[in-house]
Amino acid sequence: MSGNSAALQPPADAVAPVRHPDAPAPGELLGAHYGQCFGCGGEQPHGLHLQARAGEGVSITAEFTVQAAHQGAPGLAHGGVLASALDETLGSLNWLLRTIAVTGRLETDFVRPVPVGTTLHLEAEVTAVAGRKIYSTATGRVGGPDGPVAVRADALFIEVKVDHFIDHGRKEEIQAAMDDPDQVRRARAFEVNP
């Protein structure tokens, strides 16, 4: 991405990202971390229903199909929806680090329109880590994984403790997630950038 801000430039002491040994295997579907998540949750009728797969190293691929509910201009994806898809894809990278993190900054370039009915093919990777800061980049293409670039983004994620969500989330949803009898779903609700 050209012209990104100084806040998205890793400092000189940043290190290369290291995939956690317990990270999902390359090619493995990550699945939703929370059913009500607008980005990946299956329980959101107008959500993105984004599907992400672990890649090699600290990278992922993802897809989502633009629905009529995602329109901005007639027949075209809303820019905010495309930014959400990039944010969700970038946030999913944290599963490969096994780190709980939230978006600190997201800079997005909109390169070409994305029509309703289009499947957006996304690729993302972590580029550097400096303390609690995680630097990453993503690209969205139309017409296939090698198609023309439609959107791209650079992001800074900040590692947080699970208390961040418990302290700031709406109490009803936090309690419902914590009361879920399925231990895996209960743990995953707080695993990544919700």
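Residues numbered from 1 in each chain as written. Predicted model: local features only at pLDDT ≥ 70, side-chain atom pairs only at ≥ 80, totals over all residues. Heavy atoms only, no water.

The chain has the name Acyl-coenzyme A thioesterase THEM4 in an unreviewed UniProt entry, where Streptomyces broussonetiae is given as its organism. You can read under Sequence similarities (unreviewed entry) in the UniProt record for the chain the words "Belongs to the THEM4/THEM5 thioesterase family." (UniProt positions renumbered as here; feature names shortened; annotations may be inferred.)

Caption draft 1: Structural context of the overall build of the chain. A tally of regular secondary structure across the chain gives five helices and six strands. Traced from its N-terminal end to its C-terminal end, the chain shows the element sequence β-β-α-α-β-β-β-β-α-α-α. Looking at the chain as a whole, 42% of its 194 residues are labelled buried. The contacts of the chain with a sequence gap of at least 6 include a subset with a gap of at least 24, amounting to 66%. Looking at the chain as shown, the accessible area adds up to about 9,700 Å², and 52% of this sits on carbon and sulfur atoms. (Helix = DSSP H or I, 4+ residues; strand = E, 2+ residues; numbered from the N terminus. Buried < 20%, exposed > 50% of the residue type's maximum accessible area, 1.4 Å probe, protein only. Contact = heavy atoms within 4.5 Å. Areas by Shrake-Rupley, 256 points an atom, 1.4 Å probe, with all protein chains shown as cover.)

Caption draft 2: Looking closely at the nonpolar core. Membership of the largest hydrophobic core comes to 36 residues, with the highest contact counts inside it found for Leu50, Phe64, Leu90, Val114, Leu120 and Leu122. At the level of secondary structure, the elements contributing two or more residues to this core comprise strand E1 (51-54), strand E2 (59-65), helix H1 (79-92), helix H2 (94-97), strand E4 (119-130), strand E5 (133-142) and strand E6 (149-159). Every residue in contact with valine 114, bar those within four places of it in the chain, is listed here: Val66, Leu76, Ala77, Leu82, Leu120, Val142 and Ala150. Counting six residues, the second largest nonpolar core, distinct from the first, contains Ala128, Ala130, Tyr135 and Ile158. (Core = buried A, V, L, I, M, F, W, Y, C linked by side-chain atoms within 4.5 Å.)

Caption draft 3: Inspection of the pattern of salt bridges at higher detail. Taken as a whole and assessed by the stated rule, the structure comprises two salt bridges. Put simply, glutamate 107 and arginine 105 hold a salt bridge, and the shortest N to O gap is 3.1 Å. In this structure, aspartate 109 and arginine 152 form a salt bridge, with 3.5 Å as the shortest nitrogen-oxygen distance. Within this pair, whereas aspartate 109 is found in strand E3 (residues 101-110), its partner arginine 152 is found in strand E6, the two being separated by 43 residues in sequence. We classify arginine 152 as partly exposed; its relative accessible area is 29%. (Salt bridge = Lys/Arg side-chain N within 4 Å of Asp/Glu carboxyl O.)

Caption draft 4: Layout of the sheet that holds E6. A sheet is described by the order of its strands in space; here six strands give the open sequence E1-E2-E4-E5-E6-E3, paired in antiparallel fashion. In this open sheet, the two edge strands, each paired with only one partner strand, are E1 and E3. The sheet shows a mean angle of 20 degrees between the axes of neighbouring strands, taken without regard to direction. Of the pairings in the sheet, the one linking E4 to E5 comprises 10 bridges and is antiparallel in character. Residue pairing in the sheet places glutamate 125 in a bridge with threonine 137 of E5. (Pairing = 2+ DSSP bridges. Axes fitted to C-alpha atoms, helices over the stretch in contact; angles between N-to-C directions.)

Caption draft 5: Region of the structure containing the side chain of serine 92. Within the secondary structure, serine 92 is located in helix H1. Only 2.9 Å separates the side chain of serine 92 from the backbone oxygen of glutamate 88, close enough to count as a polar contact. Here serine 92 is in contact with Leu30, Ala52 and Ile60, once residues within four sequence places are set aside. (Polar contact = N/O pair within 3.5 Å; in protein donor to acceptor, adjacent residues only side chain to side chain.)

Caption draft 6: Here's a closer look at the pairing of E4. Both E2 and E4 contribute to a ladder of seven bridges, which runs antiparallel. Paired with threonine 65 across the bridge in E4 is threonine 119.

Caption draft 7: Here's a closer look at unusual backbone geometry. Of note in the backbone geometry, histidine 49 takes a positive phi value of approximately 55 degrees without being a glycine. The residue histidine 49 is located in the segment before E1 in this model. Look at arginine 98: it is not a glycine, yet its phi comes out positive at around 55 degrees. A residue is classified by how much of its surface remains accessible, and arginine 98, at 44% relative accessible area, is partly exposed.

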